[in-house]
Amino acid sequence: AQSVTQPDARVTVSEGASLQLRCKYSYSGTPYLFWYVQYPRQGLQLLLKYYSGDPVVQGVNGFEAEFIKSNSSFHLRKASVHWSDSAVYFCAVSAMTNYNVLYFGSGTKLTVEP
Amino acid sequence: NAGVIQTPRHKVTGKGQEATLWCEPISGHSAVFWYRQTIVQGLEFLTYFRNQAPIDDSGMPKERFSAQMPNQSHSTLKIQSTQPQDSAVYLCASSLWGVYEQYFGPGTRLTVL
């Protein structure tokens, strides 16, 4: 079975600082990995995805993530955050053997302070 | 591209009443998913259609919940005899078949009094 752990429920950073949001997954096969962002009273928006190949993937708005198979991790990074990045971020995993169903972590609420 | 459309955005029902939630997937997307989001349980998969056919409803509560996709342009999630514990945001998503990323609607916030 697939599962995702986001160990940090809340993260606060100052505007302009770098960011890392942690994600670890559990799946024995080849995972498909995603980061989504959710702004207040909105649905989820796809930030980036990893299927295969280069373990560092680029997403929208300067976000990137690195797939580290040995560590079962897919951490999200950004070099310099902006106040508008304040939102809830979800890591998700999908497995080919279970169609396209996404399994989400519990989310990390990011607050960017001025 | 209007994205995934969900109606209503908010619904308030009394305990025991029925609630029907609507989803219009992105045109051309053949897969439609329903998820439920609560503070306690987070994001949970409910059910999934491909080319209008039900594929996997393993996340659906066994009683009172049902989903249909009568045509390629909309899907419905029906909850009979709503209970306070059904209060949640219900999210619909769609994708192209064979493409794993899903595109989400804004959700329907259901409040059961």
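Up top is the structure.
What comes next concerns the included structure.

Cut-offs and rules
- Residues numbered from 1 in each chain as written.
- Chains lettered and ligands numbered in written order.
- Predicted model: local features only at pLDDT ≥ 70, side-chain atom pairs only at ≥ 80, totals over all residues.
- Heavy atoms only, no water.
- Phe/Tyr/Trp six-rings, centres within 6.5 Å; stacked < 30°, edge-to-face > 60°.
- Helix = DSSP H or I, 4+ residues; strand = E, 2+ residues; numbered from the N terminus.
- Buried < 20%, exposed > 50% of the residue type's maximum accessible area, 1.4 Å probe, protein only.
- 1 Å grid on protein atoms, 1.4 Å probe; cavity = no way out; pocket = protein on both sides within 12 Å on 5 of 7 lines; lining within 4 Å.
- Points joined across faces, edges and corners; volume = space filled by probe spheres on them.
- Nonpolar A, V, L, I, M, F, W, Y, C, P; charged D, E, K, R; others polar.
- Disulfide = S-S within 2.5 Å.
- Core = buried A, V, L, I, M, F, W, Y, C linked by side-chain atoms within 4.5 Å.
- Contact = heavy atoms within 4.5 Å.
- Salt bridge = Lys/Arg side-chain N within 4 Å of Asp/Glu carboxyl O.
- Pairing = 2+ DSSP bridges.
- Axes fitted to C-alpha atoms, helices over the stretch in contact; angles between N-to-C directions.

**What about the packing of aromatic side chains?**
And step 1. On inspection of all chains with the given rule, the structure shows 16 aromatic pairs over all chains.
And step 2. Ring centres of Phe33(B) and Tyr48(B) lie 4.5 Å apart, and the angle between their planes is 5°; this geometry places the pair in the stacked category. Note that Phe33(B) is positioned in strand β4 (residues 31-38) and Tyr48(B) in strand β5 (residues 42-50), a separation of 15 residues in sequence. The pair Phe33(B) / Tyr48(B) is uniform in exposure class, with both members buried.
And step 3. In textbook terms, an aromatic cluster arises when at least three aromatic residues are bridged by ring pairs, as seen for Tyr32(A), Phe34(A), Tyr36(A), Tyr51(A), Phe90(A), Phe104(A), Phe33(B), Tyr35(B), Phe45(B), Tyr48(B) and Phe104(B).

**A word on the layout of surface pockets**
And step 1. Approximately 880 Å³ is the volume attributed to the largest pocket.
And step 2. If you go around the largest pocket, you meet 33 residues; those closest to its centre are Gln38(A), Val88(A), Phe90(A), Gln37(B) and Ile39(B).
And step 3. Elements represented by at least two residues in the lining of the largest pocket include exactly β10 (87-95) and β13 (108-113) of chain A together with β4, β5, β9 (88-95) and β11 (108-112) of chain B.
And step 4. Considering only residue class, the lining of the largest pocket consists of 14 nonpolar, 14 polar and five charged.
And step 5. Of the voids in this model, the second largest pocket is the one considered here, and its volume is about 240 Å³.
And step 6. Lining the second largest pocket are 16 residues, and of these Ile26(B), Ser27(B), Gly28(B), His29(B) and Gln72(B) lie nearest its centre.
And step 7. Here the residues of the lining of the second largest pocket sort into five nonpolar, ten polar and one charged.

**Examining the state of the cysteines**
All names here are of chain B.
And step 1. Within this structure, the stated rule accounts for two disulfides over all chains.
And step 2. One disulfide bridge connects Cys-23 with Cys-92, the sulfur atoms lying 1.8 Å from each other. On the S-S bond that ties Cys-23 to Cys-92, the torsion sits near -65°, and the link is left-handed. Residue Cys-23 is found in strand β3 (residues 19-24), and its partner Cys-92 is found in strand β9; the two are separated by 69 residues along the sequence. The two residues Cys-23 and Cys-92 agree in class, both being buried.

**Brief notes about the nonpolar core**
And step 1. Among the nonpolar cores identified, the biggest contains 29 residues, and Leu19(A), Trp35(A), Leu47(A), Leu48(A), Phe74(A), Leu76(A) and Tyr89(A) are the most heavily contacted of them.
And step 2. Those elements that place two or more of their residues in this core are β2 (10-14), β3 (19-21), β5 (31-38), β6 (44-50), β8 (64-68), β9 (73-78), β10 and β13 of chain A.
And step 3. Top contributing element to this core by residue count: β10(A), with five residues.
And step 4. Dropping the residues within four chain positions of it, Leu19(A) is found in contact with Val11(A), Val13(A), Phe63(A), Leu76(A), Arg77(A), Lys78(A), Val81(A) and Leu110(A).
And step 5. Membership of the second largest hydrophobic core comes to 20 residues, among which are Phe90(A), Ala31(B), Leu43(B) and Tyr48(B).

**Thoughts on the interface of chain A and chain B**
And step 1. Contact with chain A, which involves 20 residues of that partner, is made by 21 residues of chain B.
And step 2. Seen at the junction of chain A and chain B, the total is one salt bridge.
And step 3. For Lys49(A), the salt bridge identified is with Glu101(B), shortest N-O distance 3.5 Å.
And step 4. Of all the secondary-structure elements, those providing two or more residues to the side of chain A that touches chain B are β5, β6, β10, β11 (97-100) and β12 (102-104) of chain A.

**What about the environment of Phe45(B)?**
And step 1. Mapping Phe45(B) onto the fold places it in strand β5.
And step 2. Setting aside residues no more than four positions away along its own chain, Phe45(B) makes contact with Val101(A), Phe33(B), Trp34(B), Tyr35(B), Asp56(B), Ser58(B) and Gly59(B).

**Examining the sheet that holds strand β8 (residues 74-79) of chain B**
Residues and elements named next belong to chain B.
And step 1. If you trace the four strands from one edge of the open sheet to the other, you get β1-β3-β8-β7, paired in antiparallel fashion. Two strands lie at the open edges of the sheet, namely β1 (5-7) and β7 (65-71), each paired on one side alone. Across the sheet, the mean angle separating the axes of adjacent strands is 20° when strand polarity is ignored.
And step 2. Pairing geometry for β7 and β8, over five bridges, is antiparallel. Residue pairing across strands places Ala-67 opposite Leu-77, the latter belonging to β8.

Coordinates in, geometry out; function isn't part of it.
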